[in-house]
Amino acid sequence: MIHTRQNQSTLTKAQKRRFTNAVLALKKKGQYDEFVRMHIDFYVGDGDGALRVAHMTPSFFPWHRKFLLEFERALQKVDSGVTVPYWDWTVDRTPAASLWSEDFLGGNGRRSDHQVTTGPFARRQGHWTITEAVTDGDFLMRDFGRPQAPVDLPSKDELAWAMKEPTYDAEPWNSLAPHGFRNRFEGWPTRRGDGTWFNHNRVHRWVSGHMLGAGSVNDPVFWLHHAFVDLCWSRWRQRYPKAAPYLPVQKPALGDAQHDRVLVAGDTMPPWNTPIRDMLDHTSLYRYEDRP
Ligand SMILES: [Cu+2]
């Protein structure tokens with residue numbers, strides 16, 4: 001059945017509770033941490049000299065689409081009425097947003113150790129022990145806006161700057177691609193310094209704490225952030241129906257540094273064996289209630 005993903009700001013109290021309860025149930029079964037592990041295992045960067053399927057690569061969007069879908073299916077086995085909500089960070093952009101309230105994802109980390117102390121994922125509730133990518137402690141950490149090196153959430157203008165790119169991706173198909181929707185949206189820095197992270201990456205930096213690195217899935221807001229990433233990709237495709245939905249069309253030539261390091265549409269994405277082509281259109285799987 002085709003299910004619908006909603007804007008998190010429109011969820012009822014009961015819907016929020018069902019979502020967080022299903023997330024907690026997966027955590028209890030150990031399944032949640034398998035998703036954390038998977039994201040860590042596929043965190044391959046430009047410098048690693050290996051195939052990149054999830055980040056710094058054209059398949060950033062389809063890989064995360066499949067990843068969210070698998071997670072959503074796991075949630076639905078717990079509660080068939082649950083879907084992954086999306087967080088439009090161009091609208092709900094302060095620590096006071098209802099997203100961060102006690103009855104949903106809980107709020108910012110405390111100053112001393114960035115430990116989240118409110119909501120269902122607070123350590124004192126006893127249901128959310130970090131077991132993968134453990135750094136300072138086994139508790140969830142956030143540090144909104146990183147006061148010591150301040151960063152804002154991406155603005156509407158910044159998102160529009162990525163959305164107006166009519167080409168899906170560009171050579172050299174990594175974090176240095178000078179134009180193309182994928183890299184402008186994924187948002188790698190073009191210079192050193194925090195002011196130069198964009199859109200998707202900038203959100204990870206704003207939430208900070210666990211959201212900063214490969215273990216970002218430890219923070220359940222990861223899913224709401226990436227659902228909006230997925231929605232923006234869907235909007236981009238509607239906006240440019242004549243554009244190639246995925247690039248590169250051909251594998252970079254033998255001798256090209258990117259040969260064997262990026263995937264084309266007919267390739268399958270590990271670990272699922274799902275062809276990228278199958279993830280380019282989500283409308284037979286789920287829809288978005290696309291209102292701000
Ligand atoms: Cu991300």
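A. Just the overall build of the protein chain, in detail. Summing up its helical and strand segments, the protein chain has 7 helices and 4 strands in all. Its helices and strands in sequence order give the protein chain the pattern β-α-α-α-α-α-α-α-β-β-β, from N to C terminus. By the compact-globule yardstick of 19 Å for 292 residues, the protein chain fits well, its C-alpha radius of gyration being 18 Å. Considering only C-alpha atoms, the protein chain reaches an extent of 55 × 45 × 35 Å along its principal axes.

B. Representation of the pattern of salt bridges in the model. Under the criterion given, the structure shown has 20 salt bridges. The closest approach of N and O atoms between D260 and K251, which form a salt bridge, is 2.7 Å. Residues participating in the shared-partner salt-bridge network are R5, R65, E72 and D230.

C. Representation of the coordination of the copper ion within the structure. Coordination of the copper ion by the protein is provided by H200 (NE2), H204 (NE2) and H226 (NE2), with metal-donor distances spanning 2.0 to 2.1 Å. Along the chain, the residues donating to the copper ion fall in the pattern H-x3-H-x21-H. A residue pair is termed long-range when its members are at least 10 positions apart, and H200 in helix α6 (residues 199-207) and H226 in helix α7 (residues 221-239) qualify at 26 residues. Note on H200: relative accessible area 3%, which makes it buried. Among the residues examined, H226 registers a relative accessible area of 2% and is labelled buried.

D. Local environment of the side chain of Q115. Position of Q115 among the secondary structure elements: in the loop between α3 (60-78) and α4 (156-163). Beyond its immediate stretch of four places on either side in the chain, Q115 contacts N108, G109, R110, R123, F139 and L140.

E. Seen up close, the environment of F60. Relative to the helices and strands, F60 is located in helix α3. Owing to a relative accessible area of 0%, F60 belongs among the buried residues under this scheme. Linking F60 and M38, residues 22 residues apart in sequence, is a C-alpha distance of 14 Å. The residues touching F60, leaving out its near neighbours within four places in the chain, are V53, A54, H55, R182, E186, H200, H226 and V229.

F. Structural view of the packing of aromatic side chains. This model, assessed by the stated rule, comprises 37 aromatic pairs. Arranged with centres 5.6 Å apart and planes meeting at 40°, the rings of F42 and W63 form a pair that is tilted. Of this pair, F42 sits in the loop between α2 (31-41) and α3 while W63 sits in helix α3, and the two are 21 residues apart along the sequence. Across the pair, exposure class does not vary: F42 and W63 are buried alike. For the pair W63 and W272, a centre-to-centre distance of 5.2 Å together with 45° between the ring planes defines the contact as tilted. You can see W63 sitting in helix α3 and its partner W272 sitting in the loop between β2 (268-269) and β3 (274-275), a full 209 residues away along the chain. Neither W63 nor W272 differs from the other in exposure class; each is buried. Sitting over the face of the ring of Y286, R5 holds its NZ or CZ atom 3.7 Å from the ring centroid. The lysine or arginine in question, K27, covers the ring of W128, its NZ or CZ lying 4.7 Å from the ring centre.

Each value, and the rule that gives it
- Residues numbered from 1 in each chain as written.
- Predicted model: local features only at pLDDT ≥ 70, side-chain atom pairs only at ≥ 80, totals over all residues.
- Heavy atoms only, no water.
- Helix = DSSP H or I, 4+ residues; strand = E, 2+ residues; numbered from the N terminus.
- Rg over C-alpha atoms; globule rule 2.2 N^0.38 Å.
- Salt bridge = Lys/Arg side-chain N within 4 Å of Asp/Glu carboxyl O.
- Donors = N, O, S within 2.8 Å, 3.2 Å for Na, K, Ca; no water.
- Buried < 20%, exposed > 50% of the residue type's maximum accessible area, 1.4 Å probe, protein only.
- Contact = heavy atoms within 4.5 Å.
- Phe/Tyr/Trp six-rings, centres within 6.5 Å; stacked < 30°, edge-to-face > 60°.
- Lys NZ or Arg CZ within 6 Å of the ring centre and 35° of its normal.

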